[in-house]
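Notes for the structure review
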Amino acid sequence: MNGARIASLSAALVLLSAASCRDPRQRFAASGSDDGQWSCAVAPYDSIEAFALSPDGQRISFLGRKDGRWQFVVSAGWKWKVSDRARIDGDPGRDTGRTLTLSPDGGRVAIVYSRTSTWRNNGPRPLNDGNDTNGQWFVMIDRHVFGGFDRDFKPTVRFSKDGTLFGFPYKKMGQCCVQIADTTFGPYERADVAFTKDGEVFLGYLKHGRAYIEMVKRQDDPVRINASR
């Protein structure tokens, strides 16, 4: 009987712990009873995708599907917050391949997804069938949408250390370019971008049979990027 009561009490404590949030400020206490964990119950969603942890280790975020729409949910303090910084207005059934990238401080979000789109004058492309041949890639950063990009190259978004800048390579009409903030570099044969911990931005690319590395922002330069030739 005592064993059954103890088991029931343990189960109740587990449920209570899962149903409440633990203050993340206490996660990494040097001493005391804290076990270095943060937990918070997640409200029911039809589905959850694109789960991510911010590079500073302080925030969890995900895309949750609810009532036919995607919601961007992020842990704020020791609660969940549905943010309006990222919202895909459309049929979730037509958005595939979703990935989520947070800035180092968790304050900005980039969502990459594929969507069936109208292609020139040939009418709408068929719904993605899992063969990675239909639709186009789109990148949404703070509700600003870039795209559509060629399906055979999925963009990967990177943020600067302070979160003020973002960049990603992409392919459009068979040509490779790099988007850094509001500036487009290219076209190139191949391209990529790197943000250093010192605040520098480098562009790497292939052009006319030669490989180049170019610094496009120094450590103390203003945020705005000026496109190079």
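Residues numbered from 1 in each chain as written. Predicted model: local features only at pLDDT ≥ 70, side-chain atom pairs only at ≥ 80, totals over all residues. Heavy atoms only, no water.

**Some points on the overall build of the protein**
Along its length, the protein carries one helix and 15 strands. Counting only residues that meet the buried cut, the protein has 37% of its 229 residues in that class. A total of about 13,500 Å² of accessible surface is found on the protein, and carbon and sulfur atoms cover 51% of it. (Helix = DSSP H or I, 4+ residues; strand = E, 2+ residues; numbered from the N terminus. Buried < 20%, exposed > 50% of the residue type's maximum accessible area, 1.4 Å probe, protein only. Areas by Shrake-Rupley, 256 points an atom, 1.4 Å probe, with all protein chains shown as cover.)

**Focus on the pairing of strand E11 (residues 175-180)**
Of all six residues making up E11, five are buried, and the element is well covered by its neighbours. Here strand E10 (residues 166-172) runs beside E11; their pairing, made up of six bridges, is antiparallel. Counted as the bridge partner of Phe168 is Gln179 from E11. Pairing geometry for E11 and strand E12 (residues 183-188), over four bridges, is antiparallel. Looking at the pairing, Gln179 lines up with Thr184 of E12. Between E11 and E12, which pair antiparallel one after the other, the connecting turn spans two residues, and Ala181 there sits at a positive phi close to 55°. (Pairing = 2+ DSSP bridges.)

**Details of unusual backbone geometry**
Peptide bonds are trans in most cases, and residues, glycine excluded, mostly fall at negative phi. Here the residue pair Gly147 and Gly148 is connected by a cis peptide bond, since its omega of 0° sits within 30 degrees of zero. Here Gly148 shows up in strand E8 (residues 144-149). The omega torsion across Gly186 and Pro187 is 10°, close enough to zero to call that bond cis. Tracing the backbone through its elements, the reader meets Pro187 in strand E12.

**Observations concerning the state of the cysteines**
Following the criterion strictly, the structure yields zero disulfides and no others. Cysteine Cys176 shares no disulfide, and the gap to the nearest cysteine sulfur, in Cys177, comes to 7.5 Å. Among the residues examined, Cys176 registers a relative accessible area of 7% and is labelled buried. (Disulfide = S-S within 2.5 Å.)

**Quick notes on the sheet that holds strand E14 (residues 201-207)**
Within a beta sheet, neighbouring strands are joined by backbone hydrogen bonds and run either parallel or antiparallel to one another. Here three strands make up an open sheet; going across it, the order is E13-E14-E15 and the pairing antiparallel. With partners counted over all chains shown, the strands left at the sheet margins are strand E13 (190-195) and strand E15 (210-217), one partner each. Averaged over all neighbouring strand pairs, the angle between strand axes comes to 20°, with direction disregarded. Sheet topology places E13 next to E14; six bridges connect them, and they run antiparallel. Bridging across to E14, Ala194 finds its partner in Phe202. (Axes fitted to C-alpha atoms, helices over the stretch in contact; angles between N-to-C directions.)

**Some words on the sheet that holds E11**
Strands sit in the order E9-E10-E11-E12 across an open sheet of four strands; the sheet is antiparallel. In this open sheet, the two edge strands, each paired with only one partner strand, are strand E9 (158-159) and E12.

**Describing the pattern of salt bridges**
Applying the stated criterion to the full structure yields three salt bridges. When the shortest N-O distance is used, the salt bridge between Asp142 and Arg108 registers 2.8 Å. A residue pair is termed long-range when its members are at least 10 positions apart, and Asp142 in the loop between strand E7 (136-141) and E8 and Arg108 in the loop between strand E5 (95-102) and strand E6 (109-115) qualify at 34 residues. We note a salt bridge from Asp152 to Lys171, for which the minimum N-O separation is 3.0 Å. Note that Asp152 is positioned in the loop between E8 and E9 and Lys171 in strand E10, a separation of 19 residues in sequence. A relative accessible area of 57% means that Asp152 is categorised as exposed. (Salt bridge = Lys/Arg side-chain N within 4 Å of Asp/Glu carboxyl O.)

**Details of the environment of Val139**
Position of Val139 relative to the elements: it lies in strand E7. Discounting chain neighbours no more than four positions away, the residues touching Val139 are Ile111, Val112, His144, Val145, Phe146, Phe149, Pro155, Val157 and Phe168. (Contact = heavy atoms within 4.5 Å.)

**Quick word on the packing of aromatic side chains**
In this structure the tally under the stated criterion is nine aromatic pairs. Seen from their ring centres, Phe149 and Phe168 are 6.0 Å apart, and the 55° between their planes marks the pair as tilted. Of this pair, Phe149 sits in strand E8 while Phe168 sits in strand E10, and the two are 19 residues apart along the sequence. For the pair Phe149 and Phe168, one class covers both residues: buried. With centroids separated by 6.0 Å and ring planes inclined at 50°, the aromatic side chains of Phe168 and Tyr170 adopt a geometry described as tilted. (Phe/Tyr/Trp six-rings, centres within 6.5 Å; stacked < 30°, edge-to-face > 60°.)

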